[in-house]
Amino acid sequence: MASLREIQSRINSTKKTSQITKAMHMVSASKLSKAELNAKSFNPYMEKIQDVIGAIAAGAPDATHPMLESRPVKKTAYLVITSDRGLVGAYNSHVLKAALGKIRERHTSKDEVVILSIGRNGVDFFNKLGYNVIQSVIGVSDHPTFAEIKDITREAIGKFIDGEYDELYMYYNHFVSAISQEVTEKKVLPLTDLSSMKSTASYEFEPSAEAILEVLLPQYAESLMYGALLDGKASEHASSMTAMKAATDNAKELIDDLTLSFNRARQAAITQEITEIVGGVAALE
Amino acid sequence: MSTIKVNIVTPDGPVYDSDANMVIAVTTTGELGILPGHIPMVAPLEIGAVRLNKDSSTERVAVSGGFLEVRPDQVTILAQSAELAEDIDTARAIEAKKRAEARLQQKQGDLDAKRAELALSRAMNRLDVAKGKI
């Protein structure tokens, strides 16, 4: 059995670790509620855009735009949203595994795939596997503003229009609840489901439906990606919260176990001391 | 005087939500004034100022593109960024203007130049709106 002092020092260090994880748990919890608020304030914007696009799709069904065109697929881009740091449980591995699984299923050669990544984990992962990571954003803040990812979204759309790739998929963790996040795949480009968006009004287009699409579609696609990022961030905080909660619970269990063996060792030491004293007294008589 | 509801929404949340007598915005085809009861309409916006007239006062909002959606009782502006005149950080706008000018001077590729130009016009727009010039 380990010595009393050894057990005591293990108890102390475990206690310290659990204090840290507990603090991190609470930090994540507060970040999560902020992230949920962000996602909520973004919703009206998205709904409005969908409303107008729906109206255009219904009012001018033959309007065309490069972002609506389905081309034969030679190259596919994947936008993967991960976190920058660890300590978020299975958050990253889930999304990376799902993305990699799909990529391997769909493509036989790595030349058919390009990766865009938000978050360091995704960049490192795909670089190590030898995929072509054409663009990445690292260091997105906990509560991202639209300006932070404007470059990557604009580039993603520009390269699609230029024909560098013919499809753009997006992988991220969808926030269901604080304890459940779902890996989600979404096809961003080409935009195909316009007519499915329901619209509540019919509009005059000034100057023309095409001119509006010119402005609206990039804005819409960028918002899709931003929405996914907000969703992903909420999941990240939720995931980190759950992971830190589990770590705190485990630490507590470990401390209980250690305390038990500490007490046992202490008892054994006392018993031994008494036996020695009694033995010593008996020897004197 | 009758009023119309005005919403200005960006991805980062709502910027403005109130009533106005008239909304004046710069669309790609020219300046447009909207009064209550306008027919439903959608128009893309230029980088510019949106003016909201209410009683005798005028509020200014700097918008960077986006579009305008009009209904008889409501105007919604959806832009990637929008700032009320009094919220504009002039120091930051001047910074952004300098940066864009520096990038324009270097002239690397068409894409960069175009981007820098856009950044410059956004910065200048914000400065103009903040000073109440437009």
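Residues numbered from 1 in each chain as written. Chains lettered and ligands numbered in written order. Predicted model: local features only at pLDDT ≥ 70, side-chain atom pairs only at ≥ 80, totals over all residues. Heavy atoms only, no water.

- Going by what an unreviewed UniProt entry lists, chain B is known as ATP synthase epsilon chain and is assigned to Bhargavaea changchunensis.
- Chain B has a UniProt comment under Function (unreviewed entry) that states "Produces ATP from ADP in the presence of a proton gradient across the membrane." (UniProt positions renumbered as here; feature names shortened; annotations may be inferred.)

- Looking up chain A in an unreviewed UniProt entry gives the name ATP synthase gamma chain, with the organism given as Bhargavaea changchunensis.
- Recorded in UniProt under Sequence similarities (unreviewed entry), the annotation for chain A is "Belongs to the ATPase gamma chain family."
- Recorded in UniProt under Function (unreviewed entry), the annotation for chain A is "Produces ATP from ADP in the presence of a proton gradient across the membrane. The gamma chain is believed to be important in regulating ATPase activity and the flow of protons through the CF(0) complex."

1. Concerning the interface of chain B and chain A
Part 1 of the argument: Counting from both sides, the interface comprises 25 residues of chain B and, opposite them, 29 residues of chain A.
Part 2 of the argument: Considering only the surface of chain B that becomes buried against chain A, Pro11, Val42 and Gln80 of chain B emerge as the three largest contributors, covering 27% of it.
Part 3 of the argument: Across the contact surface, chain B and chain A share 2 salt bridges.
Part 4 of the argument: Between Glu69 of chain B and Lys48 of chain A there is a salt bridge, with the nearest N and O atoms lying 3.4 Å from each other.
Part 5 of the argument: At the junction of chain B with chain A, the criterion picks out 8 residue pairs in polar contact (both at pLDDT 80 or more). (Contact = heavy atoms within 4.5 Å. Buried area = accessible area lost by both parts, 1.4 Å probe. Salt bridge = Lys/Arg side-chain N within 4 Å of Asp/Glu carboxyl O. Polar contact = N/O pair within 3.5 Å; in protein donor to acceptor, adjacent residues only side chain to side chain.)

2. Regarding the environment of Asp12 of chain B
Part 1 of the argument: Examined against the element boundaries, Asp12 of chain B turns out to sit in the loop between β1 (4-10) and β2 (13-20).
Part 2 of the argument: Separated by 86 residues in sequence, Asp12 of chain B and Lys98 of chain B place their C-alpha atoms 25 Å apart.
Part 3 of the argument: Once you skip the residues sitting within four places of it in the chain, Asp12 of chain B turns out to touch Ser41, Pro144, Thr145, Phe146 and Tyr226 of chain A.
Part 4 of the argument: At 2.8 Å, the side chain of Asp12 of chain B and the side chain of Tyr226 of chain A are in polar contact. (Helix = DSSP H or I, 4+ residues; strand = E, 2+ residues; numbered from the N terminus.)

3. Describing the UniProt feature "domain: ATP synthase F1 complex delta/epsilon subunit N-terminal" (unreviewed entry) in chain B
Part 1 of the argument: As recorded in UniProt, the sites labelled "domain: ATP synthase F1 complex delta/epsilon subunit N-terminal" (unreviewed entry) are residues 4-82 of chain B.
Part 2 of the argument: In residues 4-82 of chain B, helix accounts for 0% and strand for 72%; the two terminal C-alpha atoms are 19 Å from one another.

4. Some points on the packing of aromatic side chains
Residue and element names in this part refer to chain A.
Part 1 of the argument: Overall, the coordinates contain 7 aromatic pairs over all chains when judged by the stated rule.
Part 2 of the argument: Each ring, one from Phe42 and one from Tyr45, has its centre 6.0 Å from the other, and the planes form 40 degrees; the classification is tilted. A residue pair is termed a helical-turn pair when its members lie 3 or 4 positions apart in one helix, as Phe42 and Tyr45 do in helix α1 (residues 4-59) at 3 residues. Summarising the burial analysis for this pair, Phe42 and Tyr45 share the class buried.
Part 3 of the argument: Aromatic side chains Phe126 and Tyr131 sit 5.8 Å apart centroid to centroid with 80 degrees between the ring planes, which places their arrangement in the edge-to-face category. Assigned by exposure class, Phe126 and Tyr131 land together as buried.
Part 4 of the argument: Following the ring pairs from residue to residue traces out a cluster consisting of Phe42, Tyr45, Phe146 and Tyr226.
Part 5 of the argument: Directly above the ring of Phe160 sits Arg71, whose terminal nitrogen or CZ lies 4.4 Å from the centroid.
Part 6 of the argument: In this structure, Lys110 is placed above the aromatic ring of Tyr131, and the distance from its NZ or CZ to the ring centre is 5.2 Å. (Phe/Tyr/Trp six-rings, centres within 6.5 Å; stacked < 30°, edge-to-face > 60°. Buried < 20%, exposed > 50% of the residue type's maximum accessible area, 1.4 Å probe, protein only. Lys NZ or Arg CZ within 6 Å of the ring centre and 35° of its normal.)

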